[in-house]
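Here is what each chain is made of, one letter per residue.
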Amino acid sequence: MELLSEFRHIPFLLLATASVVCSLGMIFNPNLVRAGFTLIGAFVAIAGLYFMLNANFVAISQILIYAVGIVLVIIFAIMLCSLKETVNDISNEEQDVNLDIHTRRVTALIVCAGLFALLVYVINSQDWNAIAVITGAEMHTTILEQFSRHYTEQIGNLMLSKYLIPFELISILLLLVLVGVIILSKKQLDTVEENKA
Amino acid sequence: MDITINHYLTLSALLLCVGIYGLITRNNAFRVLMSIEVMLNAANLAFVTFAHYMDPLEVKGQIISLFVMAIAAAEAAIGLALLLLIYRNRLNIKMDSFTSMKW
């Protein structure tokens, strides 16, 4: 997966453009189901960026959990509530007189542009090489050559030693979420039956 | 052209801003949920970038990004359950109609 350094910017630019365009497509596509599918494209592009950062395990997890797991569940949920007005939500928003959509858009654009400008300023004003020296990452290339193929093993070791408590907390959280989702759905079924009776 | 940490962090900032824009402007609860996922991905990208450039020995940022993924899955499950519940009760999922807890 180690690419030649002169050509490294081409896949980066392609994947970066794909992720940003697909995210924008998620926001601006008039059809809600298609918006969900463009989001899959954005997540796959970000997984490609993880491959470029030598994070193979995270990249595969990104595809499995985000692109296939979360987004497909969201698309299923969209299809379960697919009224016409729900699917073509943007044109309905524009027709809605009560909603002051233009003011909201202009405000959001100003806020986002300002935040982006601030973040870019902070990123470019920082001397990252000095920080890399402090964190001990200045021998970047040699260490990478040594360790890039053992990252998955490294993640497994750290997760069961240094990060054991967060790891177990995550498993408890997932169990609680499972029970909580069942309770949320089941309660509703009971009230539906009561309404029918 | 050499790709440095600045490029990755700028991309992460851009994705975060796109997510915030969608979160503020869209009135459909599903789009808001998906915008939150984009924002979480932007944060994850920053974590993995820092793990690659600043911490190549112990890649702690990659582990944190895996935790973020697990929490995002939990958040999506609870969020979708709530949305389906609201949809069954109100028959719409506009963010403006969830005002019964406003005082």
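See above for the structure.
The structure reproduced in this document is the subject of the present report. Bear in mind that the values here come from a model prediction, so they are computed numbers and not experimental data.

### Quick look at the overall build of chain B
Here's step 1: When helices and strands are counted, chain B shows 3 helices and 0 strands.
Here's step 2: Overall, chain B shows an N-to-C arrangement of helices and strands of α-α-α.
Here's step 3: Evaluated residue by residue, chain B yields a buried proportion of 61% over its 103 residues.
Here's step 4: Carbon and sulfur atoms make up 71% of the accessible area of chain B, which amounts to about 3900 Å² in all.

### Thoughts on the interface of chain A and chain B
Here's step 1: Contacts between the two partners involve 85 residues from chain A, matched on the other side by 72 residues from chain B.
Here's step 2: Along the contact surface separating chain A from chain B lie 10 residue pairs in polar contact (both at pLDDT 80 or more).
Here's step 3: Its residues assigned to classes, the side of chain A that touches chain B shows 62 nonpolar, 16 polar and 7 charged.

### Notes on the packing of helix α2 (residues 32-52) of chain A against helix α3 (residues 56-80) of chain A
All names here are of chain A.
Here's step 1: Running from N to C, α2 and α3 cross one another at 175°; their axes reach a closest spacing of 8 Å. The angle between α2 and α3 places the two elements in the roughly antiparallel class.
Here's step 2: Of the residues belonging to the contact of α2 with α3, the class tally is 22 nonpolar, 3 polar and no charged.

### Regarding α3 of chain A
Here's step 1: If you check α3 of chain A, its first and last C-alpha atoms are 34 Å apart, about what 25 residues at 1.5 Å a residue would give, namely 36 Å.
Here's step 2: A maximum bend of about 25° is found in α3 of chain A at Gln62 of chain A.
Here's step 3: Restricting attention to buried positions, one finds in α3 of chain A the residues Val58, Ala59, Ser61, Gln62, Tyr66, Ala67, Ile70, Val71, Ile74, Ile75, Ala77 and Ile78 of chain A.
Here's step 4: Contact partners of the buried residues in α3 of chain A: α2 of chain A together with α2 (29-54) and α3 (60-90) of chain B.

### Details of the environment of Ala73 of chain B
Here's step 1: Secondary-structure assignment places Ala73 of chain B in helix α3.
Here's step 2: Separated by 36 residues in the primary sequence, Ala73 of chain B and Glu37 of chain B place their C-alpha atoms 9.5 Å from one another.

### Structural notes on the packing of helix α1 (residues 9-28) of chain A against α2 of chain A
Residue and element names in this part refer to chain A.
Here's step 1: Remark: α1 packs on α2, axes separated minimally by 8 Å, with the N-to-C direction vectors making an angle of 155°. It follows from the interaxial angle that α1 and α2 lie roughly antiparallel. Here α1 runs over α2; the crossing is left-handed. Note on element contacts: α2 touches α1 through Ala35, Thr38, Leu39, Gly41, Ala42, Ala45, Ile46, Gly48, Leu49 and Met52, opposite Pro11, Phe12, Leu15, Ala18, Ser19, Cys22, Ser23, Gly25 and Met26.
Here's step 2: Here the contact of α1 with α2 is composed, by residue class, of 13 nonpolar, 6 polar and no charged.

What counts and how
Residues numbered from 1 in each chain as written. Chains lettered and ligands numbered in written order. Predicted model: local features only at pLDDT ≥ 70, side-chain atom pairs only at ≥ 80, totals over all residues. Heavy atoms only, no water. Helix = DSSP H or I, 4+ residues; strand = E, 2+ residues; numbered from the N terminus. Buried < 20%, exposed > 50% of the residue type's maximum accessible area, 1.4 Å probe, protein only. Areas by Shrake-Rupley, 256 points an atom, 1.4 Å probe, with all protein chains shown as cover. Contact = heavy atoms within 4.5 Å. Polar contact = N/O pair within 3.5 Å; in protein donor to acceptor, adjacent residues only side chain to side chain. Nonpolar A, V, L, I, M, F, W, Y, C, P; charged D, E, K, R; others polar. Axes fitted to C-alpha atoms, helices over the stretch in contact; angles between N-to-C directions. Parallel < 35°, antiparallel > 145°, perpendicular 65-115°, else oblique. Expected span 1.5 Å × (residues − 1). Bend = angle between axes of the 7 residues up to and from the residue. Left-handed = near helix turned anticlockwise from the far one by under 90°.

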